[in-house]
Amino acid sequence: IRRPTIKTILCSIMKNKYSNFKLGIFVTVSLVLLIVSLYYIGNKKHLFSKTTTIHAVFHSIDGLRAGNNVRFAGIDIGNVSAVKIVNDSTVIVSIQIEEDSKRFICKNAVADVGSDGLMGNKLVNINPNEVPAPPIENNDTIQSITPIASDQMIRTLNNTNNNVLDITNDLKSITKRINSSNALWSL
């Protein structure tokens, strides 16, 4: 049996220290990346910034839910923090907006539910009012307008398409009668 020499023992210790050093570097870098990722995700949801909560009362929210964006003048300024059904015709939407943006929104601003693109996520648009008013404060309630439901628009377009089809068929039959009649040519 061979006994380990001092050289082999020292090499073994150095290998363990080097492995521990690599492990320490890996854990440190992973931890820094995790913290940076959480910061950016939290910044998107306004977890690390001062916010103000306001409310809007709607009769229909057309698919809006907590987490959707809130826009003022086309700029994302917050998100929907909660949706609460009060009764069969009233829904209260709680909105968190950035503290910096609150000075631009007046108490007489009007909220409506829109969509991000043609078929995108729902969002709350806050529209300014022409009449001057003081800026909103925490837990204020702003006015809202009922959104036009996309289902209702599609039904209306369907009726319009059917009417255009009927008119086109009538014009087609009138044109055929005129073309087959000799009375117009003899005149």
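In this report, the structure presented in the accompanying data block is examined. (Residues numbered from 1 in each chain as written. Predicted model: local features only at pLDDT ≥ 70, side-chain atom pairs only at ≥ 80, totals over all residues. Heavy atoms only, no water.)

Once that is clear, we can look at the environment of A82. Structurally, A82 can be placed in strand 3 (residues 75–87). Sequence separation between A82 and A66 is 16 residues; the distance between their C-alpha atoms is 5.0 Å. Every residue in contact with A82, bar those within four places of it in the chain, is listed here: A66, I92, V93 and S94. (Helix = DSSP H or I, 4+ residues; strand = E, 2+ residues; numbered from the N terminus. Contact = heavy atoms within 4.5 Å.)

With that settled, consider the nonpolar core. Generally speaking, nonpolar side chains in soluble globular proteins are found buried as a group. Among the nonpolar cores identified, the biggest contains 21 residues, and V70, V93, I95, I105, V124 and I126 are the most heavily contacted of them. Contributing elements (two or more residues each) for this core: strand 1 (51–58), strand 2 (69–72), strand 3, strand 4 (90–98), strand 5 (110–115) and strand 6 (122–127). Top element by residues in this core is strand 4. It accounts for 4 residues. Apart from residues lying up to four places away in sequence, V70 is in contact with I75, D76, I77, G78, N79, V80, I95, I97, V124 and I126. (Core = buried A, V, L, I, M, F, W, Y, C linked by side-chain atoms within 4.5 Å. Buried < 20%, exposed > 50% of the residue type's maximum accessible area, 1.4 Å probe, protein only.)

Turning our attention to the environment of T141. Along the chain, T141 turns up in strand 7 (residues 141–144). A sequence separation of 32 residues divides T141 from A109, and the C-alpha atoms of the two residues are 9.7 Å apart. Not counting chain neighbours up to four residues away, the residues in contact with T141 comprise H55 and V57.

Sheet strands pair via backbone hydrogen bonds, and the direction of the pair is either parallel or antiparallel. Here 7 strands make up a closed barrel; going around it, the order is 1-4-3-2-6-5-7 and the pairing mixed. Pairwise comparison of adjacent strand axes, ignoring direction, gives a mean angle of 40 degrees for this sheet. (Pairing = 2+ DSSP bridges. Axes fitted to C-alpha atoms, helices over the stretch in contact; angles between N-to-C directions.)

Another point: the pairing of strand 5. For strand 5, the tally of buried residues reaches 5 of 6 residues, placing the bulk of the element in the interior. When strand 5 meets strand 7, the two strands line up parallel, connected through 2 bridges. Looking across to strand 7, one finds that A111 is bridged to S144.

The values reported here are purely geometric and, on their own, carry no functional implication.
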